Amino acid sequence: MSPMTFKVSIVEDDPDVADILALSFQSVGFETQVINNGKDAVAKMKEFEPQVVIMDLELGDGPNGTQVLQQMSFDSHLKHVIVVANTIHMDSNDNLGASYWYYYQQTRREDPVMINKSMTDSEKVDIRIIVGELISQKYGGVPKPLYDWLMKQNKGPAVQKWSLI
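Now for a description of the structure that goes with this document. Note that the structure is a prediction, hence the values are computed from the model and not measured.

### Let's talk about the pairing of strand 3 (residues 52-56)
On a regular strand, one side chain projects to one face of the sheet and the next to the other, so that they alternate.
Then comes step 1: Across the five residues that make up strand 3, a large majority, five, are buried.
Then comes step 2: By the alternation rule, side chains of strand 3 split into V52, I54 and D56 and V53 and M55, which are all buried.

### Some words on a negative patch on the surface
Then comes step 1: Side chains of D13, D14, D16 and D19 sit close together on the surface and give a patch of like negative charge.
Then comes step 2: Position of D16 relative to the elements: it lies in helix 1 (residues 15-26).
Then comes step 3: We classify D16 as exposed; its relative accessible area is 53%.

### Regarding the pattern of salt bridges
Then comes step 1: With the rule as written, the count across this model stands at two salt bridges.
Then comes step 2: A salt bridge links D75 to K46; the nearest nitrogen and oxygen atoms lie 3.1 Å apart. With D75 in the loop between helix 3 (65-73) and strand 4 (82-90) and K46 in helix 2 (residues 41-48), this pair connects stretches of sequence that are 29 residues apart.
Then comes step 3: Where K144 meets D148, a salt bridge forms, and the shortest distance between an N and an O atom there is 2.9 Å. Of this pair, K144 and D148 both sit in helix 5 (residues 144-152), four residues apart, which is roughly one turn of that helix.

### What to know about the environment of E133
Then comes step 1: Relative to the elements of secondary structure, E133 occurs in helix 4 (residues 127-139).
Then comes step 2: Taking the C-alpha atoms as reference points, E133 and W162, separated by 29 residues in sequence, lie 8.3 Å from one another.

### Considering the packing of helix 2 against helix 3
Then comes step 1: Their axes nearest at 10 Å, the elements helix 2 and helix 3 cross at an angle of 50°. It follows that helix 2 is oblique to helix 3 by the angle criterion. Crossing hand, helix 2 versus helix 3: right-handed. Residues A41, V42 and M45 of helix 2 touch helix 3, and the partners they reach there are V68, Q71 and M72.

### Section: the packing of helix 4 against helix 5
Describing two packed helices takes the angle between their axes plus the distance from one axis to the other.
Then comes step 1: Where helix 4 meets helix 5, the closest approach of the two axes is 11 Å, and the angle between their N-to-C directions is 130°. On the basis of their axis angle, the class for helix 4 and helix 5 is oblique. Helix 5 is crossed by helix 4, and the crossing has left-handed handedness. In this structure, helix 4 uses R128, I129 and G132 to contact helix 5, whose residues at the interface are L146, W149 and L150.
Then comes step 2: Looking at side-chain class alone, the contact of helix 4 with helix 5 contains four nonpolar, one polar and one charged residues.

### As for the environment of S73
Then comes step 1: For S73, the position within the fold is in helix 3.
Then comes step 2: Residue S73 is classed as partly exposed on the basis of its relative accessible area of 28%.
Then comes step 3: Looking at S73, its side chain comes within polar contact range of the main-chain oxygen of Q70, at 2.6 Å.

### Here's the deal with the packing of aromatic side chains
Then comes step 1: Under the criterion given, the structure shown has three aromatic pairs.
Then comes step 2: Centroid distance F25 to F30: 5.2 Å. Interplanar angle 75°. Geometry classified as edge-to-face. For the residue pair F25 and F30, the accessibility class agrees, reading buried in each case.
Then comes step 3: Grouping aromatic residues by their ring pairs yields a cluster made of F6, F25, F30 and Y139.
Then comes step 4: Above the plane of the ring of W149 lies R128, whose end atom (NZ or CZ) is 3.9 Å from the centre.

What counts, and where the lines are drawn
- Residues numbered from 1 in each chain as written.
- Predicted model: local features only at pLDDT ≥ 70, side-chain atom pairs only at ≥ 80, totals over all residues.
- Heavy atoms only, no water.
- Buried < 20%, exposed > 50% of the residue type's maximum accessible area, 1.4 Å probe, protein only.
- Helix = DSSP H or I, 4+ residues; strand = E, 2+ residues; numbered from the N terminus.
- Patch = residues over 30% accessible without salt bridge, like charges linked within 9 Å, V, L, I, M, F, W, Y side chains within 5 Å.
- Areas by Shrake-Rupley, 256 points an atom, 1.4 Å probe, with all protein chains shown as cover.
- Salt bridge = Lys/Arg side-chain N within 4 Å of Asp/Glu carboxyl O.
- Lys, Arg positive; Asp, Glu negative; His and termini not counted.
- Charge placed at Lys NZ, Arg CZ, Asp CG, Glu CD.
- Axes fitted to C-alpha atoms, helices over the stretch in contact; angles between N-to-C directions.
- Parallel < 35°, antiparallel > 145°, perpendicular 65-115°, else oblique.
- Left-handed = near helix turned anticlockwise from the far one by under 90°.
- Contact = heavy atoms within 4.5 Å.
- Nonpolar A, V, L, I, M, F, W, Y, C, P; charged D, E, K, R; others polar.
- Polar contact = N/O pair within 3.5 Å; in protein donor to acceptor, adjacent residues only side chain to side chain.
- Phe/Tyr/Trp six-rings, centres within 6.5 Å; stacked < 30°, edge-to-face > 60°.
- Lys NZ or Arg CZ within 6 Å of the ring centre and 35° of its normal.

Spelled out as structure tokens, the structure:
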């Protein structure tokens, strides 16, 4: 039996951020799809069939990330996909605030659970670790390229409990 190849859809309207995320996931063996707007997101994801979606909640014109998540929750092919969402909060003077990563549990997309307080914190967590933890919980293990990368990054304690799939 060949190892499972995981697919990640990245819904992000900033091309630089989308490229960084795509390259990050490709470097650990994921097949990636970049979708640059909310209007096309659901149709493209249904065609690609990802196991993981990285969602920008503040997309440009068209449906925002929250609206796309709502559409996904009504789709039998997408409602059980692992979703990690990102938003950057601006203060009242349009100063860049903290960037937050959230994940959505399979059945309750309306109640996000915050994973990471701020990307600027010293405790920040690489999104690949967050995704690895969620994949491990759902599929009972992680793909070997992701596991190997984590071990090389001295993240061994974070992955010792994970199995390979």
